[in-house]
Amino acid sequence: MMLDEVQSRLDALVDALDGHDADAIIAATEELATAVILFRGAGIPAGSEHRAQLLIGKTLGQLEAAAIRVNILKDWTRQRIDRNHDIRGTHRRGAAISY
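Draft legend 1. How the structure looks around the overall build of the protein chain. Check the secondary structure of the protein chain and you find 3 helices and 0 strands. For the protein chain, the sequential pattern of α-helices and β-strands runs α-α-α. Burial status across the protein chain gives 18% buried among its 99 residues. Intrachain contacts of the protein chain at a sequence separation of at least 6 include 70% that bridge at least 24 residues.

Draft legend 2. Quick look at the pattern of salt bridges. Scanning the model with the defined rule gives 5 salt bridges in all. A salt bridge links Asp82 to Arg78; the shortest N-O distance between them is 3.1 Å. With a gap of 4 residues between them, Asp82 and Arg78 both fall in helix α3 (residues 49–88), about one helical turn apart. By relative accessible area, Asp82 is classed as partly exposed at 22%. It is possible to trace a salt-bridge network through shared partners that takes in Glu5, Arg9 and Glu31.

Draft legend 3. The arrangement of the environment of Leu13 in detail. Position of Leu13 among the secondary structure elements: in helix α1 (residues 2–19). Separated by 15 residues in the primary sequence, Leu13 and Ala28 place their C-alpha atoms 4.9 Å from one another. Setting aside its immediate chain neighbours within four residues, Leu13 contacts Ile25, Ala28, Thr29 and Leu32.

Draft legend 4. Main features of unusual backbone geometry. Of note, His20 is a non-glycine position whose phi angle comes to about 55°, a positive value. Here His20 lies in the loop between α1 and α2 (22–41). Judged by relative accessible area, which is 43%, His20 ranks as partly exposed.

Draft legend 5. Seen up close, α3. With 40 residues, α3 extends 58 Å from end C-alpha to end C-alpha; this agrees with the ideal 58 Å at 1.5 Å per step. For α3, every residue scored as buried is listed here: Ala52, Leu55, Thr59, Gln62, Ala66 and Leu73. Buried-residue contacts for α3 involve α1 and α2. Gly89 sits one or two residues past α3 and shows a positive phi near 70°.

Draft legend 6. How the structure looks around the nonpolar core. One finds Val6, Leu13, Leu17 and Leu32 to be the most contacted residues of the largest nonpolar core, which totals 13 residues. Of all the elements in the fold, those that place two or more residues in this core are α1, α2 and α3. The element that contributes the greatest number of residues to this core is α1, accounting for 7 residues. Apart from residues lying up to four places away in sequence, Leu17 is in contact with Ile25, Ala66, Arg69, Val70 and Leu73.

About the criteria used
Residues numbered from 1 in each chain as written. Predicted model: local features only at pLDDT ≥ 70, side-chain atom pairs only at ≥ 80, totals over all residues. Heavy atoms only, no water. Helix = DSSP H or I, 4+ residues; strand = E, 2+ residues; numbered from the N terminus. Buried < 20%, exposed > 50% of the residue type's maximum accessible area, 1.4 Å probe, protein only. Contact = heavy atoms within 4.5 Å. Salt bridge = Lys/Arg side-chain N within 4 Å of Asp/Glu carboxyl O. Expected span 1.5 Å × (residues − 1). Core = buried A, V, L, I, M, F, W, Y, C linked by side-chain atoms within 4.5 Å.

Spelled out as structure tokens, the structure:
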């Protein structure tokens with residue numbers, strides 16, 4: 001089932017986020033995006049609707065957890081940048097842009 005592939009790719013992304021490995025995060029994000037695109041085009045086989053609902057619920061929970069990890073990494077990065085500015089005595093140029 002395509003949803004299993006989405007779940008697998010999401011697990012890989014969470015592992016990459018936890019590992020703070022930028023290259024792995026980029027690769028896992030691209031693989032997850034591909035899996036989601038393929039899932040959107042695939043149908044759910046008859047008789048597996050209940051399992052699909054459970055997997056979708058689990059996946060949504062993991063996506064929320066991944067978003068929290070991204071926000072934490074963003075905050076840590078901002079703190080490091082601010083500390084570097086403080087150490088160097090350089091002027092900060094305002095808040096970092098985040099999307």
